[in-house]
Amino acid sequence: MNYSKLRKGNNGMTNTDLTTRPWARHYPSQVPIRLNYPNQTLPQLLDQTAQQFPDTLATIFFGQQMTYSALAFAVSRFATALSKLGVKKGDRVMLMAPNCPQFVIAYYSILKLGAIVVQTNPMYVEREILYQANDSGAKVVIFYDALYPRIKNARAEACWETLITFSFAERMPVDDSVLRLEELAANTGGGVPPVSIDLENDVAIFQYTGGTTGVSKGVMLTHKNLVANAWQVRHWFHDAVPGQERVLSVLPFFHSFGMTCSMNLPVVMGLTMILVPRFNPDEVLEVIKAHQPTIFPGVPTMFTAIVNHPRVEEYNVACIRNTISGGAPCPVELIAEFKRKIGAPLLEGYGLSETSPVTHCNPLGGMTKVGSIGLPISDTDCKIVDLETGTRELGENQVGELIIKGPQVMKGYWNMPEDTAATLRDGWLYTGDIAKMDEDGYFYIVDRKKEMIIAGGYNIYPRDVEEVLYEHPKVMQAAVVGVPDKYRGETVKAFVVLRPGETMSEQEVIEYCRQKMAAYKVPRLVEFRDSLPMSAVGKILRRELAAEERKRAGL
């Protein structure tokens, strides 16, 4: 492929000479600064992997195993079934499930048709499901059948035309109108109709994220974005051997980090995915002992739970050779403890949903810096710019906003031209994160310009929680901030001002929120106040509340 052509297009890419950047001299010798990408979609790369490694296990899921040849066959059959149901290029299909073989099959089948995967968190409640369904215009929803009660409650107001479900072992009851993935795939003959896909421009994924406005945004990731980021991570883990490694796939696939590092990376390299539907330290250690993964992408809370497990040495964890930690800052003590107990380096990285998501990581086999998110990965350019205008590039160790350019940068936000224009400027993605770059070109996140909370690797947007609190008839004002938490990194705290004459307990607030939002968003702490700090124009100052909490924690 013509490299200069690849570096241009919707992302406004230019052929920047990355070799002159300060980080270039610190790249491991095995990692190229520039890459040549396959001119293929992810499903085409799956077919290629199935030809190269037909008998290699693609997935291990409890007692079930599936080879790459079987996975490619299952994807082809289910794509055919979806096509016969009328799913075509550009249609949006919601996918709502934990990590399992059916998720992988459905994801790749949707992409194979040129349709768009709408990744939906299986912990979402009805109001959250409805927003994503109707905002995306999804005509089909594919879901794990244990989630059916929520799907059923949302069905009347959702735009879905077709519901498809699947089971793990025991079938859960659903209405007769709901189709079964297993039966559709088993009864389908014929092949997938040919689809022409423009890698650079055709959207593959709606990856919903949030923002300080409280409105969830559909990040549009193209087929090229997905392939490029998987390829970039592949080269960063330069010692991973195609067809031989095993990946502990416990990061949720519906999250961009899990999607790229725990699913798409294994597929393009022919690696085995050890599928874990949810993180539980005891269960994960048993999985490690039984299946011996060599690569472990995770978030700090996962690594913390593993190293602090009282019997971690009994589980033969020395099999883990490569890690990448993202989703939240990685404590310095954790990195040292992980190396001491597990024997593998814990490499801290960084990314965003808008960048598919990986943009930075400490180099494998190169110089690592504790507290740093590392170097930009291959084909990724970045700068620190002034906070006032965002146009003036700052020098070493000066604090400003981190902006990024690369083939993994999104096409834009679905139906949000103003937000897209504010985030993508002159070919650069403005991250909203405050950072600095040292003299070696290593980057450090200093603060978050956005007031996002990262708890246990999950992104939580204060306005999302506040809107639920404001719906309660006893609540007059509410503000939500992240407070330091040794295990989760941050946890959600709500500050509540009640209406005159009303009373309410902390537990009452928490139970109310549990009915209205996913469990990870629910405030763990509630403080009642007579008033909240306000700006001159009457805006609640979350930053003052957050500063109070940091001071209280001695930070």
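Residues numbered from 1 in each chain as written. Predicted model: local features only at pLDDT ≥ 70, side-chain atom pairs only at ≥ 80, totals over all residues. Heavy atoms only, no water.

A.B. asks: Explain the overall build of the protein chain here, please?
C.D. replies: Scanning the protein chain for helices and strands turns up 16 helices and 27 strands. The C-alpha atoms of the protein chain give a radius of gyration of 23 Å, which matches the 24 Å a tight globule of 555 residues would have. The principal-axis extents of the C-alpha atoms in the protein chain amount to approximately 65 × 60 × 55 Å. A total of 555 residues make up the protein chain; the buried ones form 60% of that total. Here the analysis covers contacts within the protein chain between residues at least 6 apart in sequence; of these, 68% occur between residues at least 24 apart. Of the accessible surface of the protein chain, which amounts to about 21600 Å², a share of 50% is contributed by carbon and sulfur atoms. (Helix = DSSP H or I, 4+ residues; strand = E, 2+ residues; numbered from the N terminus. Rg over C-alpha atoms; globule rule 2.2 N^0.38 Å. Buried < 20%, exposed > 50% of the residue type's maximum accessible area, 1.4 Å probe, protein only. Contact = heavy atoms within 4.5 Å. Areas by Shrake-Rupley, 256 points an atom, 1.4 Å probe, with all protein chains shown as cover.)

A.B. asks: For this particular structure, what's the right way to read unusual backbone geometry?
C.D. replies: With the exception of glycine, most residues fall at negative phi, and the peptide bonds are largely trans. With omega at 5°, the peptide bond leading from Ser-356 into Pro-357 counts as cis. A positive phi angle, close to 55°, is found at Asn-316, a residue other than glycine. Along the chain, Asn-316 falls in the loop between helix 11 (300-307) and strand 13 (322-325). Asn-316 sits in the partly exposed class, given a relative accessible area of 43%. Phi angles above zero are rare outside glycine, and Ser-356 is one such case at about 75°.

A.B. asks: I'm lost on the sheet that holds strand 25 (residues 475-485) in this one. Help?
C.D. replies: Hydrogen bonding along the main chain pairs the strands of a sheet, whether they run parallel or antiparallel. One open sheet accounts for three strands, arranged 25-26-27; its pairing is mixed. At either margin of the open sheet sits one strand with a lone partner, and together these are strand 25 and strand 27 (525-528). Strand after strand, the sheet turns through a mean of 25° between neighbouring axes, direction not considered. The pairing of strand 25 with strand 26 (residues 489-498) spans 10 bridges and is classified as antiparallel. Across the sheet, residue Val-475 finds its bridge partner in strand 26, namely Leu-498. (Pairing = 2+ DSSP bridges. Axes fitted to C-alpha atoms, helices over the stretch in contact; angles between N-to-C directions.)

A.B. asks: Would you take a moment to explain the side chain of Glu-466 for this structure?
C.D. replies: Within the secondary structure, Glu-466 is located in helix 14 (residues 462-470). On the accessibility criterion, Glu-466 (6% relative accessible area) is buried. Glu-466 has contacts with Ala-478, Ala-479, Val-480 and Arg-542, leaving out every residue within four places of it along the chain.

A.B. asks: Just checking my understanding: could you explain the nonpolar core for this structure?
C.D. replies: Most often, soluble globular proteins have nonpolar side chains that are buried together. Phe-78, Tyr-107, Ile-142 and Trp-160 are the most contacted members of the largest nonpolar core, which has 176 residues in total. It is helix 3 (residues 68-84) that provides the largest number of residues to this core, a total of nine residues. Contact partners of Ile-142, with chain neighbours within four places excluded, come to Phe-78, Leu-82, Val-93, Met-94, Leu-95, Met-96, Ala-106, Ile-110, Ile-164, Phe-166 and Leu-181. Core analysis: the next-biggest nonpolar cluster, separate from the first, contains nine residues, Ala-479, Val-481, Val-483 and Ala-546 among them. (Core = buried A, V, L, I, M, F, W, Y, C linked by side-chain atoms within 4.5 Å.)

A.B. asks: Please clarify how the packing of helix 3 against helix 4 (residues 101-112) should be interpreted in this entry.
C.D. replies: Each pair of packed helices can be described by the angle between their axes along with the distance between the axes. It is the contact of helix 3 with helix 4, at a shortest axis distance of 8 Å, that shows an interaxial angle of 60°. The angle between helix 3 and helix 4 falls in the class oblique. Once helix 3 is placed against helix 4, the crossing between them reads as right-handed. Residues Leu-71, Ala-74, Val-75, Ser-76, Phe-78, Ala-79 and Leu-82 of helix 3 form the contact with helix 4, whose own contacting residues are Val-104, Ile-105, Ala-106, Tyr-108, Ser-109, Ile-110 and Lys-112. Residue composition of the contact of helix 3 with helix 4, grouped by class: 11 nonpolar, two polar and one charged. (Parallel < 35°, antiparallel > 145°, perpendicular 65-115°, else oblique. Left-handed = near helix turned anticlockwise from the far one by under 90°. Nonpolar A, V, L, I, M, F, W, Y, C, P; charged D, E, K, R; others polar.)

A.B. asks: Can you help me understand the sheet that holds strand 6 (residues 162-166) in this one?
C.D. replies: The eight strands lie next to each other as 7-6-5-3-4-8-9-19, forming an open sheet whose pairing is mixed. Because the sheet does not close on itself, it has two edges, and the strands there are strand 7 (179-180) and strand 19 (412-413). In this sheet, strand 5 (residues 140-144) lies alongside strand 3 (residues 92-96) in parallel orientation, the contact comprising four bridges. Residue pairing for strand 5: Met-96 is matched across the bridge by Phe-143. Each of strand 3, strand 4 (116-119), strand 5, strand 6 and strand 8 (203-209) touches helix 4; the most contacted strand, strand 4, lies at about 140° to it.

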